[in-house]
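Here's the letter readout for the chains.
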Amino acid sequence: MQEPSGRDSATKGLSDRLRQLITTDLVPGARLPSEPELAIQYGVSRSSIREALKALEQDGLVYSVRGRGRFVSPMGSVSVERPVTRYESTTAMLESLGFAVTTVVLDVQEAQAEPRAAEMLDLAAGDPVIALTRLRVSGDQPLVFSQNVLPRDALPGPVRYRDWSVSLTSALAAHGHHLTSSAARITAATLPDEPATRYHLEGLDPWLLIEETSFTRDGHRVLYSRDYHRGDLIGFNVLRTS
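Presented here is a report on the structure given in the accompanying data block. As the structure is a prediction and not an experimental result, all values here were calculated from the model. (Residues numbered from 1 in each chain as written. Predicted model: local features only at pLDDT ≥ 70, side-chain atom pairs only at ≥ 80, totals over all residues. Heavy atoms only, no water.)

**Description of the environment of Asp-205**
Relative to the helices and strands, Asp-205 is located in the loop between helix H7 (193-198) and strand S7 (207-216). A relative accessible area of 40% places Asp-205 in the partly exposed class. Once you skip the residues sitting within four places of it in the chain, Asp-205 turns out to touch Ala-189, Thr-190 and Leu-191. Polar contacts involving the side chain of Asp-205 include one to the side chain of Trp-207, which spans 2.9 Å. (Helix = DSSP H or I, 4+ residues; strand = E, 2+ residues; numbered from the N terminus. Buried < 20%, exposed > 50% of the residue type's maximum accessible area, 1.4 Å probe, protein only. Contact = heavy atoms within 4.5 Å. Polar contact = N/O pair within 3.5 Å; in protein donor to acceptor, adjacent residues only side chain to side chain.)

**Points about the pairing of strand S2 (residues 69-72)**
Direction of pairing for strand S1 (residues 62-65) relative to S2: antiparallel, over a ladder of four bridges. Bridge assignment links Ser-64 to a residue of S2, and that residue is Arg-70. Counting the residues between successive antiparallel strands, the hairpin from S1 to S2 contains three residues, one of them, Gly-67, with a positive phi of roughly 85°. (Pairing = 2+ DSSP bridges.)

**Re unusual backbone geometry**
Asp-205 connects to Pro-206 through a cis peptide bond whose omega is 0°. Among the secondary structure elements, Pro-206 is positioned in the loop between H7 and S7. Unlike most non-glycine residues, Asp-122 shows phi in positive territory, near 60°. Relative to the helices and strands, Asp-122 resides in the loop between helix H5 (115-121) and strand S4 (128-138). Accessibility expressed as a relative area gives 62% for Asp-122, which makes it exposed. For His-200, which is not glycine, the phi torsion reads 60° and is therefore positive. Following the sequence through the fold, His-200 ends up in the loop between H7 and S7. The class of His-200 is exposed, set by a relative accessible area of 67%.

**A word on the packing of helix H2 (residues 35-42) against helix H3 (residues 46-58)**
As a packed pair, H2 and H3 sit with axes 9 Å apart at the nearest point and diverge in direction by 105°. Between H2 and H3, the angle falls in the class roughly perpendicular. Between H2 and H3, the residues in contact are Glu-35, Pro-36, Leu-38, Ala-39 and Tyr-42 and Arg-46, Ile-49, Arg-50 and Leu-53, respectively. Residues belonging to the contact of H2 with H3 are distributed by class as follows: six nonpolar, no polar and three charged. (Axes fitted to C-alpha atoms, helices over the stretch in contact; angles between N-to-C directions. Parallel < 35°, antiparallel > 145°, perpendicular 65-115°, else oblique. Nonpolar A, V, L, I, M, F, W, Y, C, P; charged D, E, K, R; others polar.)

**Description of the side chain of Glu-35**
With respect to the element layout, Glu-35 can be found in helix H2. Within polar-contact distance, the side chain of Glu-35 engages the side chain of Arg-50 at 3.0 Å. The residues contacting Glu-35, other than those within four sequence positions of it, are Arg-46, Ile-49, Arg-50, Leu-53 and Arg-70.

**Let's talk about the sheet that holds strand S8 (residues 221-230)**
Two orientations exist for strands paired in a sheet by backbone hydrogen bonds: parallel and antiparallel. Strands sit in the order S3-S4-S5-S8-S7-S6 across an open sheet of six strands; the sheet is antiparallel. Sheet topology places strand S3 (102-112) and strand S6 (179-189) at the edges, where each strand pairs with a single neighbour. With strand direction ignored, the average angle separating the axes of adjacent strands in the sheet is 15°. Sheet analysis places strand S5 (residues 141-151) next to S8, joined by six bridges and oriented antiparallel. The partner of Gln-147 across the bridge, within S8, is Arg-226.

Shown next, in the form of structure tokens:
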């Protein structure tokens, strides 16, 4: 899962401040201050407040009633630190769970798109891609094993001179590819034998496999990921409403 940038980061920051208000000062069912009141309180525009509140609605923390305003959801007292609908980087997700994260680059190479990656990136099989394998660890504890594939021309320049431990979202944004959304599928999985043996990750099954395709603002697919999350350490919340 990738990290927002620019205006999206500002909205997320404001959403986090409003989230703090909801979880510490209000109770489920309480009415939120109006958009003009919140704009004055936080020193931002009404449009910024509106965007931030929409993000909280998507997370299930608040709901709106036409003509009456917005209210704290009955689920507002439930922990939603990891709602499955939130779009964020893997590192940001792990850090918010309290882990001190180090990104280890295991392998990076120019390759030809295999059929599954080609399908998910809307490429032809055999098209040039960059294949990246990384591991997020906390201390000596493996947390997430990641396999990322992106079109070769998405990040131009020699592969060997780039720092692959940094956020792919930021690197892509620097080249005009601003990731804003993704489609993902989550399943329980075992880590394939080859990487499990090569990188000494045996005995940590089961993992939560998130297979994800990330999209730019204009709908282009520029990142395909297979992220294996430690099933015994990491979970995601799903809020269901009628």
